[in-house]
Amino acid sequence: MRAIDITSPGGPEALEWREVPDPRPQQGEVVVEVTAAGVNRADVHQRRGFYDPPPGAPPYPGLEVSGVVAEVGDGVEGFEPGDQVCALLAGGGYAERVAVPWQQLMPVPDGVSLVRAAALPEVACTVWSNVFMLARLRRGETLLVHGGASGIGTFAVQLAKALGSRVVTTVGSADKARRLAELGADEVVNYREEDFADRFRADVILDIMGAAYLARNIRVLNTGGRLVIIGLQGGAKAELDLGALLAKRASVHGTTLRARPVDEKGAIVRSVVDNVWPLVGAGALRPVVYAEVPMAEAAQAHRMLDSGDHIGKILLVR
């Protein structure tokens, strides 16, 4: 088969479409013939040499795909060749085929094309597991989403609104602010023009920035608030005012999804299918897709992501 290989750590030019060994399903795995793959910030970090795949994962980038089940290994439950699926991966999605544990497969939600289903697994599992399973956002509470125009951000805004929460978010341009308002955000701050900490108070914060926003995030939290950090785009080290944290009886959680064991990912996937897929099928939320790029041109997709101009997901399609 062919896959996007990283020739050496660096810029988008390091991504090369080349022939590689075909995957074979091991115990409990299926091989998916890939239709499309989502492009994520983690793929950029891997391309730059900062985020190696977990042990046993394919070396190629790509944390989510959609496609058709091609082969089924021993011990697989509920899937057979010909099924249309989307999948959460530990890596290897930028390829014509990928092997994945069956527990990380999901049916394509009603009303979503097979191509656009590739925009869902990583964002749906990230948002649901962090905002609802971990931070337990409740109806009527306020969620602050940083990076609202990202794939995760656009999905988080829609999902929290669909489940009855108030949603506020930060973006970097007026165009993005208008789009997030259309998706249901109650308030949007352009962080280039205004300090979000002067505007917002929130019960739950979904943060991709890390160190740069830590002090202001604690300031924004309501009593009993929950800060969930899922990215470090603003750095990894900062001082934490424990007095402010204690006074608010607040909590700070740091999480990642990629390296979790299969059983943990499987539990998240099942919860997403049970709780989120019906909302997608009912039209309460939809994947927001910025561009569809031929998989062989993955370098161009990474340039789009690096620019920061996109709203929603960028997909690689075959």
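Residues numbered from 1 in each chain as written. Predicted model: local features only at pLDDT ≥ 70, side-chain atom pairs only at ≥ 80, totals over all residues. Heavy atoms only, no water.

Enquirer: For this particular structure, what's the right way to read the overall build of the protein chain?
Expert: When you go through the protein chain residue by residue, the secondary structure sums to 9 helices and 15 strands. The globule rule puts the C-alpha radius of gyration for 318 residues at 20 Å, and the 19 Å found for the protein chain is close to it. Viewed in the frame of its principal axes, the protein chain has a C-alpha envelope of about 55 × 40 × 35 Å. The buried share of the protein chain, taken over its 318 residues, is 55%. Counting contacts in the protein chain only where the partners sit at least 6 residues apart, residues at least 24 apart contribute 66% of the total. Approximately 13,200 Å² of the protein chain is accessible, and the part contributed by carbon and sulfur atoms is 48%. The positive charge centre, built from 33 side chains, and the negative charge centre, built from 38, are 6 Å apart in the protein chain. (Helix = DSSP H or I, 4+ residues; strand = E, 2+ residues; numbered from the N terminus. Rg over C-alpha atoms; globule rule 2.2 N^0.38 Å. Buried < 20%, exposed > 50% of the residue type's maximum accessible area, 1.4 Å probe, protein only. Contact = heavy atoms within 4.5 Å. Areas by Shrake-Rupley, 256 points an atom, 1.4 Å probe, with all protein chains shown as cover. Lys, Arg positive; Asp, Glu negative; His and termini not counted. Charge placed at Lys NZ, Arg CZ, Asp CG, Glu CD.)

Enquirer: Mind showing me how you'd approach unusual backbone geometry here?
Expert: The general pattern is negative phi for most residues beyond glycine and trans for most peptide bonds. Backbone geometry at R136 places phi at a positive 55 degrees, although glycine is not the residue there. Residue R249 is not a glycine yet carries a positive backbone phi of 50 degrees. Among the secondary structure elements, R249 is positioned in the loop between α6 (242–247) and β13 (251–254). R249 sits in the exposed class, given a relative accessible area of 61%.

Enquirer: Please explain the packing of aromatic side chains as it appears in this structure.
Expert: Each aromatic ring pair is summarised here by two numbers: the centre-to-centre distance and the angle between the ring planes. Taken as a whole, this structure holds 2 aromatic pairs when the rule is applied. Between W128 and F132 the ring centres are 5.0 Å apart and the planes differ by 20 degrees, which places this aromatic pair in the stacked class. With W128 and F132 both in helix α2 (residues 121–134), this residue pair falls 4 residues apart, about one helical turn. The same class applies to W128 and to F132, which are both buried. Cation over ring: R258 sits above Y51, and NZ or CZ is 4.8 Å from the ring centre. (Phe/Tyr/Trp six-rings, centres within 6.5 Å; stacked < 30°, edge-to-face > 60°. Lys NZ or Arg CZ within 6 Å of the ring centre and 35° of its normal.)

Enquirer: Help me out: how do you make sense of the pattern of salt bridges in this one?
Expert: Side chains bearing opposite charge may pair, as long as their charged atoms lie close to each other. All chains considered together, the criterion is met by 22 salt bridges. For the salt bridge of E33 with R97, the shortest nitrogen-to-oxygen distance reads 2.6 Å. Of this pair, E33 sits in strand β3 (residues 29–39) while R97 is found in strand β6 (residues 97–101), placing the two residues 64 residues apart along the sequence. Exposure remark for R97: the relative accessible area of 25% places this residue in the partly exposed category. Taking the shortest distance from any N to any O, the salt bridge between R318 and E33 comes out at 3.3 Å. Of this pair, R318 sits in the segment after β15 (313–317) while E33 is found in strand β3, placing the two residues 285 residues apart along the sequence. Three or more residues are tied together by salt bridges with common partners; here these are R2, R24, E33, E71, E96, R97 and R318. (Salt bridge = Lys/Arg side-chain N within 4 Å of Asp/Glu carboxyl O.)

Enquirer: Is there a simple way to think about the nonpolar core in this case?
Expert: A general feature of soluble globular proteins is that nonpolar side chains tend to end up buried together. Ranked by internal contacts, the top residues of the largest apolar core, which has 46 residues, are F155, L159, V272 and W277. The greatest single-element share of this core, amounting to 7 residues, is contributed by α2. The contacts of W277, once residues within four sequence positions are left out, are C86, M106, P107, P109, L120, A124 and V272. In this structure, I4, V32, V39 and L105 belong to the second largest nonpolar core, which totals 30 residues. (Core = buried A, V, L, I, M, F, W, Y, C linked by side-chain atoms within 4.5 Å.)

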